[in-house]
Amino acid sequence: MTYLSKPKMHHPDLKANALGFTRRDYEGPVSTLCAGCGHDSISAAIIRACYQLNLQPHRIAKMSGIGCSSKTPSYFLGASHGFNSVHGRMPSVLTGANIANRDLIYLGVSGDGDSASIGLGQFAHSIRRGVNMTYIVENNGVYGLTKGQFSATADKGAKNRRGVPNMDEPIDMVSMALQLGATYVGRSFSGDKDQLVPLIEGALMHKGAAFIDCISPCVAFNNHEGSTKSFDYVREHNEAVNRMDVITGRAPITADYAPGEMELVRQHDGTYLKLKKIATDYDPTDRVAVMNYLQEHKARGEIVTGLLYVDSDADDLHGYLNSIDAPFNTLSDADLVPGAAALAKLNASLR
Amino acid sequence: MNAIDKIHPHSTVPALQAVNEFVVKFANVNGSGSASANQLFAKAILRMGVPVTPRNIFPSNIQGLPTWYEMRVSEAGHMGARDGTDLMVAMNPQTWDEDIASIMPGGYLFYDSTKPMPASKFRDDINVIGVPLTAITNAAYTQSRERQLFKNIIYVGVLAALLDMDVKAIEGLLADQFRGRDKLIAANHQALRLGYDYALANLQCPIGLRFRPSDQVGDRIFLEGNAASALGALYGGATVCAWYPITPSSSLAEAFIKYCAKYRVDPDSKKNRFGIVQAEDELSSIGMVIGAGWNGARAFTATSGPGISLMQEFIGLAYFAEIPAVIFDVQRAGPSTGMPTRNQQCDVLSCAYASHGDTKHVLLFPEDPAECFDFGADAMDLADRLQTPIFVLLDLDIGMNERLCRPLTWDDSRKLDRGKVMTAEDLIAGRVFGRYLDVDDDGIPYRTYPGTHPTKGAYFTRGTSRDEYARYTEDGAAYQRNMDRLVKKFETAKAMVPAPIQRDAAVPTRLGAIYYGSTAPAMLEAAEILAGRGIHLDLMRVRGFPFAAAVGDFVEAHDRVFVVEQNRDAQLRTLLINEEEFNPKQLAKVLHYDGSPITARFIAETIAGLIG
């Protein structure tokens, strides 16, 4: 449980980032998830991404719903405000928080039960509204806290621990996110830190709705033979379309790939996504082509990973709402209250 | 020879005679454009200085079903609904029989006589005024849309003549309404005169019911409770509104959109000092409100009973995690879909104890649009000060009808009270921060806005149990301390919610009545009726929950207290008994729940019957 705090001792050689924070400053209390849980690897990737991006921990708001994945915001970014809301409803709470204060970075962490089952509606609507957020689904295909029932992302034919197959069609959240207009879509695997960390970095710096489906095997209930969300299965079927580095600020962009193998995408805030193409015919800026590619490869049983889609000119909900730049909690009474004179005028019009 | 004489030369009872005290009811077809003509008529009466209280009685339908507009004209100031119609404007053949039946003996029927009606379709104890409206309209207009709309204005013209109204006042209103569109003004004036002149030339004008200029409107305004609530929220500093359309609350959010566009656009950047989202459902709308409240913005949603049901889980989160939120519930008849366009006060209990587990919530009960404004603004302060959901319980009767009320007022020296917020300066100065620490012994802890300070003041918000420093715990003692503090906070709220208003009878009495919200005008009139019969009641209008101490004193001071409400299960009475431990036998139920607004006659008859 989260009352187990970590010792405050820092290794003297821990390297500080540009803000003077070490990796430890982005950590939280000890995780209470099972040993070997994929979710802890994702927490570690979030910590690393925030550290590498030189983000101020207190300028991040971490939001979640209910479930194993939704517990994880307790275990990273201890200096950030966090909000563990109700089951399947993180997206609405995040949306409201974001409308109120656009200055913070919003990180929503959810699971496949939280977002594909009970919260499918809120997931869909937050994506289609273009809420400026990083929405990570830690996808293991089962309900852990209630002991291993299938979730809505479990593949048809995948077997539970007792060998009983799931007969329902799976919900592919990546396809949904693309169809609903997400402007940054990635899929990764908790066991592939090198792929996952830059994907999270790019999402955090993206303006608009960024969605990452991260397959994260459940070591307790879904890591057996016959599961399609086990470490072994995902490693065998993982087909990365690209590898990515995120380049911020004035860091030089080195061309360490042959021409045609590299693609540079400049994001709204000036960061560059440097993509090394693995699938040479893959264009992550063509939404329709991406959707086709994903369907074709899914039909072959492949799990396509990498930065799947990005629209670097995306706008967000605040653009659509035309809201002022200032956080609403900083507006003064004078900014908010029209006053007695305006009311007198209004009264006169109502007679 | 006049139209009345043509059909029924002698009504079997004397024709009603009344000046500025009667009920006119318009029977129309939904979607026929009658609403604006009827509203025009009501406003013209107000311009004559005569108080009028209109009520829309409408179905859950867009076009085609029957709709009524009932106007209680009362120079004496009675604003509650009244049974029976003195003048029926019967424009809807579908409802002819029930419309005729509702006319008071000696009353008047005004109808379109273009197609002759069989004599059996009339009553012999009413006065019938037939005008060939369709024939007049069709002769004057060729386009079908024009015919439909101007027919309504023509009948307003006829009524103006029949009731001795100042036709110039109506013309002035039309000119205001269509300012800048001279062609439209001229066309409406022409239609109005068509009806007016026809009536003067062909009918005996005026009839026994008539208007006389008065000074009883004073400086009062004419406004819907939903619009007033939206203005209250705006003046209360609300910046975020998340809502899902549901009758009868939709016009509250729509009014907020309108007023924000008028008052809240930054003049330099042309950007909005507000964010309004039409959510995908009520769960999402309350979720957004809670997210925004957590982040220090004042946020609200507007909904009705079914929305309250859907929001239950989130309301419990906001209660337990202590997040400000304001919920306007414009009540309608339930349960389930119930009667979505009919009135009730039936969400009192489902709001007071919303969500699973031990919960109690603050409720405000406005009686009219002016209080909707006041309470709308107060609710924003209360939510921040108490860090909890605040419910403003309107109902359809005050929410969706224009009501004459005192002008809205605002004190420019008033400061929005954001409650206990610890700032970066406080934290740097070394103030101890425990999110759920009761430092002031009032049950209300301090909070920080997310992003306040790099190393101090961050906490984790959750719906699970935690200790005073927001750390997760399943320790029973810590849980219980927290639950007890929430009760203490609720006690603190007693002095913060609007105090009840007591009106004592002219003579000392051991009988009292408690009422709230839209019941107010009917209750006041009922007390007058009963006093005339020698039954004297002290009155207490409850305006907030938790109940102020004065409510207990009132009940103690009377042998018998009638609790008058518009629901089946006596919900406020239940709340009084449950929270104040009153003897149930002392609290008599007066319950009106057929979906129509409660009337003075109903209250008076019920109380007289209970007294026996």
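Residues numbered from 1 in each chain as written. Chains lettered and ligands numbered in written order. Predicted model: local features only at pLDDT ≥ 70, side-chain atom pairs only at ≥ 80, totals over all residues.

### Things to note about the overall build of chain B
Quick note on the threshold: Elements are defined by DSSP. Helices are runs of H or I of four residues or more, strands are runs of E of two residues or more, and each kind is numbered from the N terminus. Residues with at least 20 other C-beta atoms within 10 Å of their own are called buried, those with 12 or fewer are called exposed, and the rest are partly exposed. The C-beta atoms themselves are positioned from the backbone. Residue pairs qualify as contacts under a 7 Å threshold applied to their C-beta atoms, which are placed from the backbone.
The helix and strand tally for chain B stands at 20 helices and 23 strands. Counting only C-alpha atoms, chain B reaches 90 × 65 × 40 Å along its principal axes. Taking all 612 residues of chain B together, 53% fall into the buried category. Contacts in chain B between residues at least 24 apart in sequence constitute 76% of all its contacts with a sequence separation of at least 6.

### Comments concerning the overall build of chain A
Counted only if it meets this: Based on C-alpha atoms, the radius of gyration is set beside the globule rule, defined as 2.2 Å times the residue count to the power 0.38.
A tally of regular secondary structure across chain A gives twelve helices and 13 strands. Its C-alpha atoms give chain A a radius of gyration of 21 Å, within 12% of the compact-globule value 20 Å for 351 residues. Over its C-alpha atoms, taken along the principal directions, chain A stretches across nearly 75 × 50 × 50 Å. For chain A, buried positions account for 54% of its 351 residues. A sequence separation of at least 24 residues applies to 71% of the contacts in chain A between residues at least 6 apart.

### Quick word on the nonpolar core
Rules: Here, a nonpolar core denotes buried Ala, Val, Leu, Ile, Met, Phe, Trp, Tyr and Cys residues that are linked to one another through C-beta atoms within 7 Å.
Core analysis: the largest hydrophobic core is formed by 274 residues, its most contacted members being Leu109, Val240, Val326, Met523 and Ile603 of chain B. Counting residues per element, this core draws most heavily on helix α5 (residues 144–162) of chain B, at eleven residues. Counting residues in hydrophobic clusters, the runner-up holds seven residues, among them Tyr143, Ala154, Ala158 and Cys218 of chain A.

### Focus: the interface of chain B and chain A
Our working definition: As a working rule, the residues Ala, Val, Leu, Ile, Met, Phe, Trp, Tyr, Cys and Pro are called nonpolar, Asp, Glu, Lys and Arg charged, and the rest polar, with Gly in that last group. Only strands that DSSP links by at least two bridges are regarded as paired with each other.
Tallying the contact residues gives 56 residues for chain B and 50 residues for chain A. Looking at the side of chain B that touches chain A element by element, the count peaks at nine residues for helix α10 (residues 282–294) of chain B. Here the residues of the side of chain B that touches chain A sort into 29 nonpolar, 17 polar and ten charged. Sheet topology note: the strand β2 (residues 81–84) of chain A/strand β17 (residues 460–462) of chain B ladder contains three bridges and is parallel. Paired with Gly82 of chain A across the two strands is Phe460 of chain B, which belongs to β17 of chain B.

### A few points about the sheet that holds strand β8 (residues 209–215) of chain A
Counted only if it meets this: For helices, the axis comes from a line fit to the C-alpha atoms of the stretch in contact; other axes are also lines fit to C-alpha atoms, and the angle between any two N-to-C directions lies between 0 and 180 degrees.
Within the open sheet, the nine strands sit side by side as β9(A)-β13(A)-β7(A)-β8(A)-β4(A)-β3(A)-β1(A)-β2(A)-β17(B). Their pairing is mixed. In the strand order of this sheet, the two ends are held by β9 (238–240) of chain A together with β17 of chain B, each with one partner. If you compare each strand with its neighbour and ignore which way they point, the axes differ by 20° on average. Of the pairings in the sheet, the one linking strand β3 (residues 105–111) of chain A to strand β4 (residues 133–139) of chain A comprises five bridges and is parallel in character. Bridge pairing in β4 of chain A places Val109 of chain A opposite Ile136 of chain A.

### A look at the domain arrangement of chain B
Rules: What fixes the domain bounds is an automatic or database domain assignment.
For chain B, the assigned domains read domain 1 (3–210), domain 2 (223–405), domain 3 (420–482 + 492–497) and domain 4 (501–611). Inter-centroid distance (C-alpha atoms) of domain 3 of chain B to domain 4 of chain B is 41 Å.

### Looking at α5 of chain B
All names here are of chain B. Counted only if it meets this: Given the number of residues in a helix, its expected span is that number minus one, multiplied by 1.5 Å. Throughout, bend refers to the angle between the axes fitted to the seven residues that end at a position and the seven residues that start at it.
Counted at 1.5 Å a residue, the expected span for α5 with its 19 residues is 27 Å, and the 27 Å between its end C-alpha atoms agrees. Along its length, α5 reaches its greatest deviation from straightness, about 25°, at Phe150. Note on α5: the residue one or two positions beyond its end, Asp164, has a positive phi of about 60°.

### With respect to the packing of helix α4 (residues 133–140) of chain B against α5 of chain B
Residue and element names in this part refer to chain B. Inclusion rule: Any angle between 65 and 115 degrees counts as roughly perpendicular, while under 35 counts as roughly parallel, over 145 as roughly antiparallel, and the rest as oblique. Handedness of a crossing follows from how the near helix is turned relative to the far one, being left-handed for an anticlockwise turn of less than a right angle and right-handed for a clockwise one.
α5 packs onto α4 with a crossing angle of 125° between their chain directions and a minimal axis gap of 9 Å. The orientation of α4 with respect to α5, classified from their angle, is oblique. In the packing of α4 onto α5, the handedness of the crossing is right-handed. Contact residues: Leu133, Thr134, Ile136, Thr137 and Asn138 in α4; Arg147, Phe150, Lys151, Ile154 and Tyr155 in α5. Of the residues belonging to the contact of α4 with α5, the class tally is five nonpolar, three polar and two charged.

### Describing the sheet that holds strand β21 (residues 544–545) of chain B
Residues and elements named next belong to chain B. Pairing is mixed in the open sheet, where seven strands are placed in the order β11-β10-β12-β13-β15-β14-β21. Edge positions in the open sheet fall to β11 (275–278) and β21, since each of these has one partner strand only. Bridge count between strand β14 (residues 362–364) and β21: two bridges; the pairing is antiparallel. Each bridged residue has a counterpart across the sheet, and for Leu364 the counterpart in β21 is Gly544.

### Things to note about the environment of Ala321 of chain B
Residues and elements named next belong to chain B. Residue position: Ala321 is located in helix α11 (residues 305–321). When the 23 C-beta atoms within 10 Å are taken as the criterion, Ala321 is described as buried. Each C-alpha atom of the pair Ala321 and Asp347 lies 23 Å from the other, and the pair is 26 residues apart in sequence. Ignoring sequence-local partners within four residues, the contact set of Ala321 consists of Thr461, Arg462 and Gly463.

### Things to note about the confidence of the model for chain B
All names here are of chain B. What counts is decided by this rule: Summary of the metric used: pLDDT quantifies the predictor's per-residue confidence within the range 0 to 100.
Model confidence for chain B is summarised by a mean pLDDT of 95, while 98% of its residues fall at 70 or above. Here residues 1–9 is modelled with pLDDT under 50, and outside its nearest four sequence neighbours on either side it reaches 19 contacts, counting other chains as well. Quick note on the complex model: pTM equals 0.96, ipTM equals 0.96.

### Looking at unusual backbone geometry
With glycine set apart, most residues show a phi of negative sign, and most peptide bonds adopt trans. Residues and elements named next belong to chain B. Between Cys205 and the following residue, Pro206, the backbone shows a cis peptide bond with an omega angle of -5°. Within the fold, Pro206 resides in the loop between α7 (182–202) and β8 (209–210). Of note, the amide linkage connecting Phe545 to Pro546 takes the cis form, showing an omega dihedral of 10°. For Pro546, the location among the structural elements is in the loop between β21 and α18 (549–556). For Asn20, which is not a glycine, the phi torsion comes out positive at approximately 60°. Structurally, the position occupied by Asn20 is in the loop between β1 (18–19) and β2 (21–29). The backbone of Glu581 shows a phi angle near 60°, a positive value even though the residue is not glycine. Relative to the elements of secondary structure, Glu581 occurs in the loop between α19 (571–580) and β23 (587–591). Overall, Glu581 belongs to the exposed group, with 9 C-beta atoms counted inside 10 Å.

### Some thoughts on α7 of chain B
Taking 1.5 Å as the rise per residue, α7 of chain B with 21 residues should run 30 Å; its terminal C-alpha atoms sit 30 Å apart, in good agreement. On its buried face, α7 of chain B sits against α4, α5 and α6 (167–177) of chain B.

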